[in-house]
Amino acid sequence: RAAFDAAVVACPTDHEARHGLAIVQLMQGEDAEARRSLATAASLYPACPKPRNGLGSMLLEAGRTRAALRHFEAALERSAEPDDDDGWDASVNAALCTLTLARRGGAEAARWRQRLPKARLRLWRALASTPSDRRLHSLLREVDGLAPLDEEGWAAVRAVMRDAAAAHRRRAG
């Protein structure tokens, strides 16, 4: 902790130091301080997805699903690739948020169910890089239970998988 505190004092505009401090603060149970550090990191370097993913995770854990979703979607917009580490985390967690909101029932559930096809595509994209991830398979089954796939949906899944395979080939060189 002392190293991150010193880094923040030495360079208060370093977003990485703020992000590192936030992780230590979370590990020490200092949630409010961690949230402030992540928000500061996000404001210091708005293009970085890491603090957005961190804020989203904290909000999701606190039961603030809609707010978490906004941060995960912002992180995904800032990720270099949808299946790099930051993009993967943001995609899976955004899909989880959408599914959680669709599960709740009530008047808003129908609106969230309309967003499940996008959540499904995010999960399939993540599954392309981690095909044995059981959590992803479970989330996909839940999405399919609430919003069954039609032919148009399968066409979209195939397109996402082709895109993921092409991106993987480009990175492999």
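An account of the accompanying structure is given in this report.

Parameters at a glance
Residues numbered from 1 in each chain as written. Predicted model: local features only at pLDDT ≥ 70, side-chain atom pairs only at ≥ 80, totals over all residues. Heavy atoms only, no water. Helix = DSSP H or I, 4+ residues; strand = E, 2+ residues; numbered from the N terminus. Buried < 20%, exposed > 50% of the residue type's maximum accessible area, 1.4 Å probe, protein only. Contact = heavy atoms within 4.5 Å. Areas by Shrake-Rupley, 256 points an atom, 1.4 Å probe, with all protein chains shown as cover. Axes fitted to C-alpha atoms, helices over the stretch in contact; angles between N-to-C directions. Parallel < 35°, antiparallel > 145°, perpendicular 65-115°, else oblique. Left-handed = near helix turned anticlockwise from the far one by under 90°. Nonpolar A, V, L, I, M, F, W, Y, C, P; charged D, E, K, R; others polar. Phe/Tyr/Trp six-rings, centres within 6.5 Å; stacked < 30°, edge-to-face > 60°.

**Brief notes about the overall build of the protein chain**
Item 1. Looking only at helices and strands, the protein chain features 10 helices and 0 strands.
Item 2. Going from the N terminus to the C terminus, the protein chain shows its helices and strands as α-α-α-α-α-α-α-α-α-α.
Item 3. Based on the C-alpha atoms only, the size of the protein chain along its principal axes is roughly 55 × 50 × 25 Å.
Item 4. The buried share of the protein chain, taken over its 173 residues, is 43%.
Item 5. Partitioning the contacts of the protein chain with sequence separation of at least 6, the portion at a separation of at least 24 is 54%.
Item 6. About 9,300 Å² of surface is accessible on the protein chain, with carbon and sulfur atoms providing 54% of the total.

**Observations concerning the packing of helix α4 (residues 50–61) against helix α5 (residues 65–78)**
Item 1. In the contact formed by α4 and α5, the axes pass within 8 Å of each other and the chain directions differ by 160 degrees. Considering the angle they form, α4 stands roughly antiparallel to α5. In the crossing of α4 with α5, the sense of the turn from one axis to the other is left-handed. Within the contact between the two elements, α4 uses Arg52, Asn53, Leu55, Gly56, Ser57, Leu59 and Leu60 and α5 uses Thr65, Ala67, Ala68, His71, Phe72, Ala74, Ala75 and Arg78.
Item 2. Looking at the contact of α4 with α5, its residues break down into 8 nonpolar, 5 polar and 2 charged.

**Structural notes on the packing of aromatic side chains**
Item 1. Under the criterion given, the structure shown has 1 aromatic pair.
Item 2. With a centroid separation of 6.2 Å and 65 degrees between ring planes, the pair formed by Trp124 and Trp154 is classed as edge-to-face. Taken together, the residues span a long stretch of sequence, with Trp124 in helix α8 (residues 116–129) and Trp154 in helix α10 (residues 151–172) at a distance of 30 residues.
Item 3. The class of Trp154 is partly exposed, set by a relative accessible area of 36%.

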